[in-house]
Amino acid sequence: QVQLVESGGGLVQAGGSLRLSCVASGRIFSISAMGWYRQAPGKQREWVATITNGGSTTYAIFVKGRFTVSRDNARNTVNLQMNSLKSEDTAVYYCYLDDRGIAYWGQGTQVTVSS
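From a predicted model like this one, the values you see are computed outputs, not experimental measurements. (Residues numbered from 1 in each chain as written. Predicted model: local features only at pLDDT ≥ 70, side-chain atom pairs only at ≥ 80, totals over all residues. Heavy atoms only, no water.)

*Asks:* Would you take a moment to explain the pairing of strand β8 (residues 77-82) for this structure?
*Replies:* Every regular strand shows the same layout, with side chains that alternate between the two sheet faces. For β8, a buried count of five out of six residues is recorded, marking the element as mostly surrounded by other parts of the structure. Across six bridges, the pairing between strand β7 (residues 67-72) and β8 is antiparallel. Note that in β8 the partner of F67 across the bridge is M82. Counted between consecutive antiparallel strands, the loop separating β7 from β8 contains four residues, among which N76 sits at a positive phi close to 50 degrees. (Buried < 20%, exposed > 50% of the residue type's maximum accessible area, 1.4 Å probe, protein only. Helix = DSSP H or I, 4+ residues; strand = E, 2+ residues; numbered from the N terminus. Pairing = 2+ DSSP bridges.)

*Asks:* For this particular structure, what's the right way to read the packing of aromatic side chains?
*Replies:* Geometry of an aromatic ring pair is reported as the spacing of the ring centres plus the angle between the planes. With the rule as written, the count across this model stands at three aromatic pairs. Arranged with centres 5.4 Å apart and planes meeting at 75 degrees, the rings of Y37 and Y96 form a pair that is edge-to-face. Remark: Y96 occurs in strand β9 (residues 91-99) and Y37 occurs in strand β4 (residues 31-39); sequence separation between them is 59 residues. Note on Y96 and W105: the rings are 5.7 Å apart at their centroids and 40 degrees apart in plane angle, and the pair reads as tilted. Accessibility expressed as a relative area gives 36% for W105, which makes it partly exposed. Counting every residue linked through ring pairs, the aromatic cluster contains Y37, Y96 and W105. (Phe/Tyr/Trp six-rings, centres within 6.5 Å; stacked < 30°, edge-to-face > 60°.)

Laid out in structure tokens, this is it:
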């Protein structure tokens, strides 16, 4: 089994910053990518950012320029630095791991941005 545990969520004022982290453990064979999704109340889960094993990053248009995704391959860790947060960034943030086409998910961490 593969486990992912997120941390770093919380309450922050608009314009502030938070840093999320996610550690993966268990029977991991070959990670091709890790990243983040989020789900706001009453909305579908949406993709936020991805970083490949080679370090290439892609971002959703609504976070580009504000969020930065990074990885520590040796520790199977993915981070999300979130700056200039807006109230619309309020959501549960989920990290994911792609292992040979199989997706694994964390339990989510709540991010609340007050305006």
